[in-house]
Each structure stands twice: as C-alpha cells, then as structure tokens.
Amino acid sequence: MSQKILLDKINIPGIKTYEVYRQNGGYASVEKALKTLTPDEVTEEVKKSGLRGRGGAGFPAGMKWSFIDKKSGKPRHLVCNADESEPGTFKDRFLMEYIPHLLIEGMITSSYALGANLSYIYIRGEYMWVFKILERAIAEAKAAGWLGKNILGSGYDLELHVHCGAGAYICGEETALIESLEGKRGNPRIKPPFPAVSGLWANPTVVNNVETIATVPWIVNNSGDDYAKIGIGRSTGTKLISASGHIKNPGVYEIELGLSVDEFMNSDEYLGGMSSSRPLKAFVPGGSSVPILPAELIFKTANGEDRLMTYESLSDGGFATGSMLGSGGFIVYNDTACVVRNTWNFARFYHHESCGQCTPCREGTGWLEKILWRIENGQGREEDIELLWSIQSKIEGNTICPLGDAASWPVAAAIRHFRDEFEYHVRFPEKIKNRDHFVAEPFSQVKHLVGGKVIV
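Read on for a plain summary of the structure. (Residues numbered from 1 in each chain as written. Predicted model: local features only at pLDDT ≥ 70, side-chain atom pairs only at ≥ 80, totals over all residues. Heavy atoms only, no water.)

Re the state of the cysteines
Covalent bonding between the sulfur atoms of two cysteines is what defines a disulfide. Within this structure, the stated rule accounts for zero disulfides. Lacking any disulfide linkage, C164 is separated from the closest cysteine sulfur, that of C171, by 11 Å. (Disulfide = S-S within 2.5 Å.)

Quick look at the packing of helix α3 (residues 39-49) against helix α9 (residues 210-221)
Packing of α3 against α9 leaves a shortest axis separation of 10 Å and a crossing angle of 100°. Between α3 and α9, the angle is such that the two are roughly perpendicular. Judged by residue contacts, V42, E45, V46 and S49 of α3 engage V216, I219 and V220 from α9. Grouping the amino acids of the contact of α3 with α9 by side-chain chemistry returns five nonpolar, one polar and one charged. (Axes fitted to C-alpha atoms, helices over the stretch in contact; angles between N-to-C directions. Helix = DSSP H or I, 4+ residues; strand = E, 2+ residues; numbered from the N terminus. Parallel < 35°, antiparallel > 145°, perpendicular 65-115°, else oblique. Contact = heavy atoms within 4.5 Å. Nonpolar A, V, L, I, M, F, W, Y, C, P; charged D, E, K, R; others polar.)

Points about the environment of S315
By the element assignment, S315 lies in the loop between α12 (311-314) and α13 (318-321). The partly exposed category is assigned to S315, whose relative accessible area is 30%. Once the C-alpha coordinates of S315 and G326 are considered, the two residues, 11 residues apart in sequence, prove to be 9.9 Å apart. In this structure, S315 is in contact with G322 and S323, ignoring residues within four places of it in sequence. Within the structure, S315 has its side chain in polar contact with the backbone oxygen of Y311 (distance 2.9 Å). (Buried < 20%, exposed > 50% of the residue type's maximum accessible area, 1.4 Å probe, protein only. Polar contact = N/O pair within 3.5 Å; in protein donor to acceptor, adjacent residues only side chain to side chain.)

Observations concerning empty space enclosed by the protein
On inspection of all chains with the given rule, the structure shows three cavities of 30 Å³ or more. Estimated volume of the largest cavity: approximately 80 Å³. S354, C355, C358, C361 and C401 are, among the 14 residues lining the largest cavity, the residues nearest its centre. At the level of secondary structure, the elements contributing two or more residues to the lining of the largest cavity comprise α15 (359-376) and α17 (403-427). Taken together, the residues that form the lining of the largest cavity break down as eight nonpolar, five polar and one charged. (1 Å grid on protein atoms, 1.4 Å probe; cavity = no way out; pocket = protein on both sides within 12 Å on 5 of 7 lines; lining within 4 Å. Points joined across faces, edges and corners; volume = space filled by probe spheres on them.)

What to know about the nonpolar core
Core analysis: the biggest nonpolar cluster contains 62 residues, and Y27, L95, M96, L103, I104, I121 and I123 have the highest contact counts within it. The element best represented in this core is helix α6 (residues 100-114), accounting for eight residues. Here M96 is in contact with A82, L103, I123, Y127, V130, I133, L134 and V210, once residues within four sequence places are set aside. In terms of nonpolar packing, the next biggest core, distinct from the first, is built from 55 residues, Y120, I170, I292 and A413 among them. (Core = buried A, V, L, I, M, F, W, Y, C linked by side-chain atoms within 4.5 Å.)

Quick look at the sheet that holds strand β3 (residues 159-164)
The sheet built from four strands is open, its strands ordered β3-β2-β1-β4 with parallel pairing. Both outer strands of the open sheet, β3 and β4 (205-209), are each paired with one neighbouring strand and no more. Direction aside, neighbouring strands of the sheet carry axes that sit 20° apart on average. Pairing of strand β2 (residues 118-123) with β3 involves six bridges; the strand directions are parallel. Its bridge partner lying in β3, Y120 is registered against H161. (Pairing = 2+ DSSP bridges.)

A word on unusual backbone geometry
If a residue is not glycine, its phi is most likely negative; likewise, a peptide bond is most likely trans. For the bond running from K191 to P192, omega is 0°, close enough to zero to count as cis. By the element assignment, P192 lies in the loop between α8 (174-181) and β4. A cis amide bond, omega 5°, links P192 with the succeeding residue P193. With respect to the helices, strands and loops of the structure, P193 is situated in the loop between α8 and β4. The phi angle at N150 is positive, at roughly 50°, despite the residue not being glycine. A positive phi angle, near 65°, is found at A202, a position not held by glycine. Tracing the sequence through the fold places A202 in the loop between α8 and β4. Here A202 falls in the partly exposed class, since its relative accessible area comes to 34%.

A word on the pattern of salt bridges
Where side chains of opposite charge bring their charged atoms close, a pairing between them can arise. A full pass over the atoms with the stated rule returns 32 salt bridges. Between E182 and K184 there is a salt bridge whose closest N-O contact spans 2.9 Å. Taking relative accessible area as the criterion, E182 reaches 17% and is therefore assigned buried. K447 is the salt-bridge partner of D420, the closest N and O atoms lying 3.6 Å from each other. Residue D420 is found in helix α17, and its partner K447 is found in the segment after α19 (443-446); the two are separated by 27 residues along the sequence. A residue is classified by how much of its surface remains accessible, and K447, at 18% relative accessible area, is buried. What you see here is one network of salt bridges that share partners, running through R54, K91, D92, E211 and K239. (Salt bridge = Lys/Arg side-chain N within 4 Å of Asp/Glu carboxyl O.)

Considerations on the packing of aromatic side chains
Taken as a whole and assessed by the stated rule, the structure comprises 22 aromatic pairs. Between F264 and F330 the ring centres are 5.1 Å apart and the planes differ by 90°, which places this aromatic pair in the edge-to-face class. Note that F264 is positioned in helix α11 (residues 261-266) and F330 in strand β11 (residues 329-334), a separation of 66 residues in sequence. Judged by its relative accessible area of 0%, F264 falls in the buried class. Both rings, one in Y424 and one in F428, keep their centres 5.4 Å apart while their planes meet at 35°; by these two values the pair is tilted. For Y424, a relative accessible area of 1% puts it in the buried group. The class of F428 is buried, set by a relative accessible area of 18%. An aromatic cluster of at least three residues, connected via ring pairs, comprises Y253, F264, Y270, F283 and F330. The ring of Y311 carries the charged tip of R52 above its face, separated from the ring centre by 4.1 Å. Taking NZ or CZ as reference, R124 lies 4.9 Å from the ring centre of Y127, over its face. (Phe/Tyr/Trp six-rings, centres within 6.5 Å; stacked < 30°, edge-to-face > 60°. Lys NZ or Arg CZ within 6 Å of the ring centre and 35° of its normal.)

Some details on the pairing of β4
Counting buried positions over the five residues of β4 gives five, a clear majority of the element. Of the two faces of β4, the one carrying T205, V207 and N209 and the one carrying V206 and N208 are both buried. Across five bridges, the pairing between strand β1 (residues 77-82) and β4 is parallel. If you follow V79 over to β4, its bridge partner there is V207.

Quick look at the structure:
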C-alpha cells in the first residue's frame, strides 16, 4: 500500500466534525507553525517539499508563495481555488465533503506563512451542499479559537470566508476567480501584473488549489524533506486521482507519484482493470483539457519506457506522443467509445464555458463544436478534418487565459492519434448515425475500410 497523506483519516467515523478531527491530530500544524516557526520558515518547508500545484498547472507551490509582495505594506490574501469544474475531475469535492477541516487547517497554516489576515475559499456554484459543509467547519474552527483575533495567543489574526461561485468554469482561472470574488463578471485579466503583486482588490494574493493547500499540514507537521522523499524526481509527494470510465473501480485514489500507469490501471489496489472484456482503446490522464492518448502509448512511452504517473513521464514525447497529468482526471475508454463523439462533447463544453473575451476562443470554440457535431451526425465533409486542425491551431496560444488551449488540445490530439476514425465518420455516414455505433461494431473491426489494419 502506498503512503496516504490526504486520505489516511478519511474513513474515521465522524472525521467531518471538529471534535473527531481534533482528536486525531487535527490542527497540529497550526500549533506548530504559530508557536515554533516564522512565516518564512513555513514557506521554506513548502519549498523544500517540492510540492507542485495540484490544480493542473503543476507550478511549485513554495516558489509561488515566495513571489508575494511583502514590501508594499498592502494587506495580503490567500484564496483557495475550489472551483473544480474540469470534466473528469472530482477529487477536491471528495476532500471538502468528507474531511473539510483538513482544508481549513491548511488555509490557516498557509495564510500564516503568507502573512494573510483575510482569506477565502472560492467554491463552484454546483457544490452547494459542500459549501454548507465548509461553512459549518469554519464556524466550528472559529468557535474553538483557530480563527479570529490573536489565534493561540500568537498575535496572528485570520478571518476565513467561503464564497460560492455561479457555475462558471472560467472562474477556475485564477484572475477570473479574483474578478468574480470582487463581484465582477468572471473574465480573466491580462498578466502582468500577476496576483502575487496585484490580485484581490489590487492586493498581493496567492491562489492555490484545494489539494495543494490540504497537503501543507502534513509538510509542516513532518518536514519538507520528508515529503520530498515520497515520489520520484521533481514529482514529489502524493497525488489525488479522479478515476472514471470503463474501469472496475472508479473513484478517488491517493497515489505516490512514480507509480506506473500499468499498475494503477490494472492492480486490484487501484482501478482493477477494465470493467468488461472489451479492450482498452484510449485514456485521458489529466481531465478533459489534456490530450487523449491511444492504447499503445498508455503503458509505454514512445521510447519504450514504462509510463509513470508523474508530471514528466505523462508528458514524455510532448504532445506528439504524450499528454499531461493536469488535474488528475483519469478517464478510461474501451473500444465501444467513439473518439469523435467524445471530442465533440468536450468541444461543446468549452464553447459553452468560454467567457467570450478573446475572439479566437469565442468564435473558434463554437466552430469546433459545430464541425464536430456535423461529423458525428453523418454530415461531415472530407475537408472538415483539416478545417478542425486549422481552427484549433489558431486558438492555441492566442488567448488571455488557457481556456483556449484547453479547447484546442483535445481536438488536436484526437485528430493526431485517431484521424482514421474521423475519416470513417466522413466516408461512411450511414454507419455512424446510431449513437452507439461502435458498441456492436467497434472501430477496430471496420478500420480497414479507411486503410487501417483490422484488429480482431
């Protein structure tokens, strides 16, 4: 069994309540930090840990903290990004729902390190029941003296609030989140200035993901060096994975980074293999925005090395033969899945969620959705495949925020690895009009019609 840092106490009866959480070592990191460590020493431990942002970007958390402007004299803020809206990702919701005080503890310890006296948890609008759980946990923590004025007699003050969004995926982008928190439309800001210099109300601000902040108590209670011993290379520590799709054991898993994709996929300790006798066709390792990979590139890299659950291994080969760990939304497809339909479904999501601020994204995402719908519904044209490729290439890298990239990467990867499936849809429209067209007749059995090798 791999080491558990975040989920080791998740199954303790009553762990959602303050009393049980406290009885099982809860808030020890706050005591240790406020009584024995300076804010800079807490930051240094996080730096030494090698902890990388768990929201998708993977930027070193301690380094991000060190960028915060401490010279301006302005108030500082920590904002927790709980706007978990990436299709295929549900691990933050799991943490907040079942062990909310872990996040509250992480917020207090991290806020102390940053010198923040007013911090926020920004949660997605659809998580209303989790919003209520967090409000209850904050009230319990405040009643016990962990929030408010002069915490533990240390002279440190902190007020913590949870703010509910209105259901916009774009508010997962840190500057759009800040705009929303200020009461404005959630449009991303042009950077620089970065939030660490001018964020919430133009004050220095750090925005971190739920999982990132929830990891801080363990690092402070033990040490950054101990955390860095877990994992492999620059992928240190553990990672929560949201696993779904055609697998026996879907759910949230905490893995040590460095575990092989093969073991994660097929061992009974984790996903338990495919849910039926249907063979593996493809997977998305990090949520809907990262490139999809075909079966032959899942367990091995293009160089023949074992594919590992790390930032580096999953991206090995670049987008030509690799993908990204992203937010850890691990989606598995068997051979009954239609890649064209899946790509259209993702494109439909990104078109709906585009804020409309940037022309390439506002217009391009709509074009991608329309063309993919056309192909999936038997109305595709030969030139549509090249048109899709052209459109996605003009969106990528040409927008204020990464939503444009998130919309273009899945389309590019689907064409790159499954172009023959797109050609099949265009050339044999009568065969794909049934929504479940690959259930009775998987593409592997008909790909010879477009020049591919038949797989029995």
